[in-house]
Amino acid sequence: MALSRLERAQVWLLKAVTEVLFVLFRFFCPRRSALSGKKLPPVRNPLLLMSATQLAKKIRRKELGESLIFILYYKSKLHFLLSRFAAALQEAAQVDKLIEEETGGEEVLEDRLPLLGVPLSVKESYALQGMPFTTGLVSRRGIVATVDAPPVALLKRAGAIPLGVTNTSELCMWYESHNHIYGITNNPYDLERIPGGSSGGEGSILGAAGSVIGVGSDIGGSIRMPCFFNGIFGHKTTPGVVSCENQYPPFSGRQEEYLSSGPMCRYAEDLLPMLKIMAGPRVNMLSLNTKVDLKKLRFFTIPHDGGSPLITPVSKELVDIQRKVAERLEADLGVKVQEVHFPELHYSFQIWDTYMVLPDKEGKPPQTFAELMGEPGRPAWPLWELLKWMIGKSDHTLAAIVVGLVEMTRMSKKSSSIIQIKEKLQKEVDELLGADGVFLYPSHPRVAPKHHHPLLRPFDFSYTGIINMLGLPVTQCPLGVGEEGLPLGVQVVAGKLQDHLTLAVALHLEKTFGGWKDPGAN
């Protein structure tokens, strides 16, 4: 279904605006010091190379204690925005006491406190009691969370010990983690590259082995892009399973249908136990205890979106690695991986953009980005903020201003053609997957870009964003590193509530392709 003339004009306008803004950025912003090719040193301590599952077992057996917290803190203190090291140390000191008090043995302790003593990092947009809760918005500087967000509370109740909070993009609406409170976060594989966003601080610290497990939120790829760029695992759950309460900004309109919270970690074996904990009382919505026979699944691969004019074509090395995944699945499992194409994916950004602003059941539209930028006062005026930014007087990043400007280009009337395209795509994908289907899809058109380059290609997140609009569970899987020493990866997508399928495939791909790689290793 072709777009109308008005919609084609909107596409042209969006591309023109972003290219002009990127030129302005290169002109007005000083270049950062040369970081090209610089990465972190190799991980020396073997404790930092263990999964949460392995660490928890050692802690329950008293083979490890609070020393692990010390090690991780000193390695990661430069990554955390603000640590709660003193409190974490006190909590770690209680671990041995809890073990001594448990009379039912190790199995009972594992059932009651499966993550006892395991260090946890938390995305700063989640409420973590006593910690900053700003989401990078200057007007929220000084705001401290008074409660824990439900997934954080559940992980703490399972014994995990939060070390601190990590950086995000301003208001969690950009795929580079940069704001005017905390600054910019680097990629551990190349400090000149972005770690993604909005959960980029989580991706960076986990990829650098500075934390063991973390939590992220995802409404357009904010778990999956950081996991892809930093070479780790992440899972965007089926919406409605893991609570998204006590996050900032809060969802509005119909955004709750597309927003998910989920686990992030270096090792695939940690995804399932984390999800069981984070789902809390809704865990029975999923079949997480069901054993998956991969040989009985139906596999598909979608190599690209069909060539949207707004989105960068998928690079050859990412096309090649996805093809290798399909070939290995066929060789290892004896299955047939069928290549399929959906012309509707051509409109991925337009679908995401349209559905993000749909009103709720009562007809109330979602809060605009300009309103969020202006909190707690009047809505921000993006054009005025752009002028202020050009003379260094704006409290907002250029990326946030770009989002505000793109919002201004939206047509006031929702596009019926885009809604029809999405509904057709939804029907076709749901029928394809059923309860036993899985498809592979690129995580992004290219490996981790250099800092600020997303300004030139702001719509490349559509490879992840379209999965949010379809309401599907998806696991981001690392697949080694490419020609530039940067992580490769793929999205593994299943039908609604079939999260256990993608988690099982992730375990297989980790064994086949090696999973996370130490950024400092040769």
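Residues numbered from 1 in each chain as written. Predicted model: local features only at pLDDT ≥ 70, side-chain atom pairs only at ≥ 80, totals over all residues. Heavy atoms only, no water.

**Digging into the overall build of the chain**
Rules: Secondary structure follows DSSP: runs of H or I at least 4 residues long count as helices, runs of E at least 2 residues long count as strands, and numbering of each begins at the N terminus. Values of the radius of gyration come from C-alpha atoms, whereas the globule rule sets the reference at 2.2 Å times the count of residues to the power 0.38. Categorising residues by exposure relies on relative accessible area from a 1.4 Å probe, with only protein chains included: less than 20% of the type maximum marks a residue as buried, more than 50% marks it as exposed, and the intermediate range marks it as partly exposed. Only the protein chains shown count as cover for residues, with accessible areas throughout obtained via the Shrake-Rupley method and a probe of 1.4 Å. For the purpose of counting charges, residues Lys and Arg are taken to be positive, whereas Asp and Glu are taken to be negative. His and the chain ends are not included. For charged residues, the charge sits on one atom: NZ in Lys, CZ in Arg, CG in Asp, CD in Glu.
The number of helices and strands found in the chain is 18 helices and 13 strands. At 22 Å, the chain has a C-alpha radius of gyration in line with the 24 Å of a compact globule built from 522 residues. Once the C-alpha set of the chain is aligned to its principal axes, its extents read approximately 70 × 55 × 50 Å. Burial status across the chain gives 61% buried among its 522 residues. Looking at the chain as shown, the accessible area adds up to about 21,100 Å², and 55% of this sits on carbon and sulfur atoms. The averaged location of the 54 negative side-chain charges in the chain is 3 Å from the averaged location of its 57 positive side-chain charges.

**Observations regarding the UniProt feature "active site" (unreviewed entry) in the chain**
As a reminder, the rule being used: UniProt positions are given in the numbering used here, feature names are shortened, and annotations may be inferred rather than shown by experiment. In this description, contact between two residues means that some pair of their heavy atoms is separated by no more than 4.5 Å. Here a polar contact is taken to be a pair of N or O atoms separated by no more than 3.5 Å, where protein atoms must pair a possible hydrogen donor with a possible acceptor and residues adjacent in sequence count only if both atoms sit in side chains.
Sequence positions flagged by UniProt for "active site" (unreviewed entry) are, in local numbering, Lys-123, Ser-198 and Ser-222. The greatest C-alpha distance among the residues just named is 10.7 Å, despite their covering 100 residues of sequence, which places them together in space. Turning to its location among the elements, Ser-198 is positioned in the loop between β5 (183-184) and α8 (200-207). Relative accessible area serves as the criterion here: at 1%, Ser-198 is assigned to the buried category. Discounting residues that sit within four places of it in the chain, Ser-198 has contacts with Lys-123, Asn-167, Thr-168, Ser-169, Cys-172, Trp-174, Ser-177 and Ser-222. Polar contacts involving the side chain of Ser-198 include one to the side chain of Lys-123, which spans 2.7 Å. For Ser-222, the location among the structural elements is in the loop between β6 (213-218) and α9 (224-230). Beyond its immediate chain neighbours, meaning those up to four positions away, Ser-222 contacts Lys-123, Cys-172, Gly-197, Ser-198, Ser-199 and Ser-217. At 3.0 Å, the side chain of Ser-222 and the side chain of Ser-198 are in polar contact.

**Focus: the packing of aromatic side chains**
Two aromatic rings, taken as a pair, are described by how far apart their centres are and by the angle between their planes. As a reminder of what qualifies: Aromatic pairs are defined between Phe, Tyr and Trp rings, using the six-membered ring for Trp, whenever the two ring centres lie within 6.5 Å; interplanar angles under 30 degrees are classed as stacked, those over 60 as edge-to-face, and all others as tilted. Two conditions define a charge sitting above a ring: the NZ of Lys or the CZ of Arg must be within 6 Å of the ring centre, and it must be within 35 degrees of the ring normal.
Under the criterion given, the structure shown has 9 aromatic pairs. Geometrically, the ring pair formed by Phe-349 and Phe-461 is edge-to-face, given 6.1 Å between the ring centres and 90 degrees between the ring planes. Separated by 112 residues along the polypeptide, Phe-349 in helix α12 (residues 348-355) and Phe-461 in the loop between β11 (437-441) and α17 (462-470) bring together distant segments of the chain. For Phe-461, a relative accessible area of 9% puts it in the buried group. Note on Trp-352 and Phe-461: the rings are 4.8 Å apart at their centroids and 75 degrees apart in plane angle, and the pair reads as edge-to-face. A residue pair is termed long-range when its members are at least 10 positions apart, and Trp-352 in helix α12 and Phe-461 in the loop between β11 and α17 qualify at 109 residues. Cluster of aromatic residues (ring-pair linked, three or more members): Phe-349, Trp-352, Phe-459 and Phe-461. Lying across the ring of Phe-133, Arg-140 places its NZ or CZ 5.3 Å from the centre. Directly above the aromatic system of Trp-516 lies the positively charged group of Arg-266, at a separation of 5.3 Å from the ring centroid.

**Notes on the environment of Met-274**
Take Met-274: it is sitting in helix α10 (residues 271-279). Linking Met-274 and Phe-459, residues 185 residues apart in sequence, is a C-alpha distance of 31 Å.

**Side note on the pattern of salt bridges**
Short version of the rule: Any Lys or Arg side-chain nitrogen found within 4 Å of a carboxyl oxygen on Asp or Glu counts as a salt bridge.
In total, this model carries 23 salt bridges according to the counting rule given. Across the salt bridge formed by Arg-254 and Glu-257, the nearest N and O atoms sit 3.0 Å from each other. With a relative accessible area of 27%, Arg-254 lands in the partly exposed category. Linked by salt bridges that have partners in common, Lys-316, Asp-320, Arg-323 and Glu-327 make up one network.

**Notes on helix α14 (residues 382-390)**
In plain terms, the rule: The directions considered for the arc are those from the helix axis to the C-beta atoms.
Among the residues of α14, Pro-382, Glu-385, Leu-386 and Trp-389 are the ones counted as buried. Mapping the buried residues of α14 onto a view down its axis gives an arc of 105 degrees, with all of them on the same face. Count one or two residues on from α14 and you reach Gly-392, which has phi positive near 75 degrees.

**A short note on the sheet that holds strand β12 (residues 474-481)**
Convention followed: When DSSP finds at least two bridges between two strands, those strands are taken to pair. A fitted line through C-alpha atoms serves as each axis, taken over the contacting stretch for helices, and the angle formed by two N-to-C directions is quoted from 0 to 180°.
Pairing is mixed across the open sheet formed by 11 strands, whose spatial order is β1-β3-β2-β6-β8-β7-β12-β13-β11-β9-β10. Taken across any chain shown, the strands that pair with only one partner, and hence form the sheet edges, are β1 (82-83) and β10 (337-339). With 2 bridges joining them, β1 and strand β3 (residues 161-166) adopt antiparallel strand pairing. Along β3, the bridge assignment pairs Leu-82 with Val-165. Seen against the sheet, α10 touches β6, β7 (233-236), β8 (260-265) and β12 and runs at an angle of roughly 145 degrees to β8. Each of β7, β9 (298-301), β11, β12 and β13 (487-494) touches helix α18 (residues 499-513); the most contacted strand, β12, lies at about 5 degrees to it.

**A few points about the nonpolar core**
The nonpolar side chains of soluble globular proteins are, as a tendency, buried together. Our working definition: Joining through side-chain atoms within 4.5 Å is the link that ties buried Ala, Val, Leu, Ile, Met, Phe, Trp, Tyr and Cys residues into a set, and such a set is a nonpolar core.
Counting 156 residues, the largest nonpolar core has Leu-115, Ile-213, Phe-299, Leu-329, Ile-351, Phe-439 and Leu-509 as its most contacted members. The greatest single-element share of this core, amounting to 8 residues, is contributed by helix α15 (residues 398-409). Contact partners of Leu-329, with chain neighbours within four places excluded, come to Phe-299, Gly-334, Val-335, Val-337, Leu-440, His-508 and Leu-509.

**Quick look at the packing of α12 against helix α16 (residues 416-433)**
The criterion, for reference: If an angle is under 35 degrees, it is roughly parallel; if it is over 145, roughly antiparallel; if it lies from 65 to 115, roughly perpendicular; otherwise it is oblique. Polar here means any residue outside two lists: the nonpolar Ala, Val, Leu, Ile, Met, Phe, Trp, Tyr, Cys and Pro, and the charged Asp, Glu, Lys and Arg; Gly therefore counts as polar.
At a closest axis distance of 10 Å, the pairing of α12 and α16 adopts a crossing angle of 110 degrees. Comparing the axis directions of α12 and α16 gives the class roughly perpendicular. Note on element contacts: α16 touches α12 through Ile-418, Ile-419, Ile-421, Lys-422, Glu-423 and Leu-425, opposite Gln-350, Ile-351, Thr-354 and Tyr-355. In the contact of α12 with α16, the residues fall into 6 nonpolar, 2 polar and 2 charged.

**Let's talk about the side chain of Asp-518**
Relative to the elements of secondary structure, Asp-518 occurs in the segment after α18. There is a polar contact of 2.9 Å between the side chain of Asp-518 and the backbone nitrogen of Val-43. A polar atom in the side chain of Asp-518 sits 3.0 Å from the backbone nitrogen of Gly-520. Leave out the neighbours within four places in its chain, and Asp-518 touches Pro-41, Pro-42, Val-43 and Tyr-189.

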